[in-house]
Amino acid sequence: VPVFFKQTLEDTEMEEGKSVSLHCELTKADTTVVWKKGEATLQASAKYEMKQKGTVAELVIHNAEPEDA
């Protein structure tokens, strides 16, 4: 069964130096989500935190900068 987005990402404004959280919701629980910026796959680090619970996936960007747009 294919997996679809029930809730897609929305544009978010942030303040430089703060953390921002992006969420998406899938039609199937525990589906692996790969977060990308352009062609680059993001990896968990002090800057990027990935969380997933059930059908909701979250990306937290710490110390956000204009380059994170």
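Each value, and the rule that gives it
- Residues numbered from 1 in each chain as written.
- Predicted model: local features only at pLDDT ≥ 70, side-chain atom pairs only at ≥ 80, totals over all residues.
- Heavy atoms only, no water.
- Helix = DSSP H or I, 4+ residues; strand = E, 2+ residues; numbered from the N terminus.
- Buried < 20%, exposed > 50% of the residue type's maximum accessible area, 1.4 Å probe, protein only.
- Contact = heavy atoms within 4.5 Å.
- Areas by Shrake-Rupley, 256 points an atom, 1.4 Å probe, with all protein chains shown as cover.
- Lys, Arg positive; Asp, Glu negative; His and termini not counted.
- Charge placed at Lys NZ, Arg CZ, Asp CG, Glu CD.
- UniProt positions renumbered as here; feature names shortened; annotations may be inferred.
- 1 Å grid on protein atoms, 1.4 Å probe; cavity = no way out; pocket = protein on both sides within 12 Å on 5 of 7 lines; lining within 4 Å.
- Points joined across faces, edges and corners; volume = space filled by probe spheres on them.
- Nonpolar A, V, L, I, M, F, W, Y, C, P; charged D, E, K, R; others polar.

Undergrad: Got a minute to help me understand the overall build of the protein chain in this structure?
TA: Counting its regular elements, the protein chain contains zero helices and six strands. Its helices and strands in sequence order give the protein chain the pattern β-β-β-β-β-β, from N to C terminus. Considering only C-alpha atoms, the protein chain reaches an extent of 40 × 20 × 20 Å along its principal axes. With 69 residues in all, the protein chain has 23% of them scored as buried. Of the contacts formed within the protein chain by residues at least 6 apart in sequence, a portion of 46% connects residues at least 24 apart. Here the protein chain displays about 5200 Å² of accessible surface, and carbon together with sulfur accounts for 51% of that area. The averaged location of the 13 negative side-chain charges in the protein chain is 8 Å from the averaged location of its 8 positive side-chain charges.

Undergrad: Help me understand the UniProt feature "domain: Ig-like" (unreviewed entry) in the protein chain in this model?
TA: Taking the numbering used here, the UniProt-annotated feature "domain: Ig-like" (unreviewed entry) corresponds to residues 2–69. End-to-end, the C-alpha atoms of residues 2–69 are 29 Å apart, and along that stretch the chain is 0% helix and 38% strand.

Undergrad: Can you help me understand the layout of surface pockets in this one?
TA: A probe as big as a water molecule, rolled over the atoms, marks out the empty space that is left. Taken as a whole, the largest pocket encloses approximately 410 Å³ of empty space. Forming the boundary of the largest pocket are 20 residues, of which L9, L22, L59, I61 and D68 lie nearest the centre. In terms of residues, the lining of the largest pocket owes the most to one element, strand 2 (residues 20–26), which gives three residues. Within the lining of the largest pocket, the residues separate by chemical class into 14 nonpolar, one polar and five charged.

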